[in-house]
Amino acid sequence: QVQLVESGGGLVQAGGSLRLSCAASGRTFSSYTMGWFRQAPGKEREFVALCTWSGGTTSYANSVKGRFTISRDNAKNTVYLQMNSLKPEDTAIYYCASSNKLYASILAHDYDYWGQGTQVTVSS
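These numbers come from a predicted model, not from an experiment.

1. Some remarks on the packing of aromatic side chains
Point 1. Scanning the entire structure with this criterion turns up five aromatic pairs.
Point 2. Centroid distance Phe 37 to Tyr 111: 5.1 Å. Interplanar angle 75°. Geometry classified as edge-to-face. With a gap of 74 residues between them, Phe 37 in strand β4 (residues 33–39) and Tyr 111 in the loop between β9 (92–99) and β10 (113–114) connect regions that are remote in the sequence. This pair shows no difference in class: Phe 37 is buried, exactly as Tyr 111 is.

2. Remarks on the pairing of β4
Regular strands place their side chains on alternate faces of the sheet.
Point 1. The element β4 is largely enclosed, with a buried count of six among its seven residues.
Point 2. Across six bridges, the pairing between β4 and strand β5 (residues 46–52) is antiparallel. The partner of Phe 37 across the bridge, within β5, is Phe 47.
Point 3. Taken together, β4 and the strand that follows it, β5, pair antiparallel across an intervening segment of six residues, in which Gly 42 is found at a positive phi of about 75°.

About the cut-offs
- Residues numbered from 1 in each chain as written.
- Predicted model: local features only at pLDDT ≥ 70, side-chain atom pairs only at ≥ 80, totals over all residues.
- Heavy atoms only, no water.
- Phe/Tyr/Trp six-rings, centres within 6.5 Å; stacked < 30°, edge-to-face > 60°.
- Helix = DSSP H or I, 4+ residues; strand = E, 2+ residues; numbered from the N terminus.
- Buried < 20%, exposed > 50% of the residue type's maximum accessible area, 1.4 Å probe, protein only.
- Pairing = 2+ DSSP bridges.

Listed below in structure tokens is the structure:
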């Protein structure tokens with residue numbers, strides 16, 4: 001089992017920044033990829049960004065590329081999502097997820113463990 005706890009969400013004006021954190025505990029050594037997903041009201045959950053614990057591979061959704069940066073601190077078992085130049089359309093609940101698959105995936109169903117989510121609201 002892997003436990004994931006997100007923090008750092010909040011209300012910010014358009015153009016502002018937030019940094020989300022995801023602290024992992026439990027059997028984290030079995031985790032290969034950490035991902036961030038988001039879900040806006042009335043919409044499906046969508047991929048935002050991912051990184052692997054060991055190889056440093058990262059990937060981003062086109063909608064956030066150049067504005068968001070995913071990073072990790074292996075010593076703290078924590079993954080971060082730095083979000084800059086936020087837009088109202090970034091408003092969503094952001095979820096951290098962990099995958100044991102031996103490949104980096106942008107598909108939600110490939111992820112085994114999920115956090116409870118943190119709300120990000122961007123006002124115009």
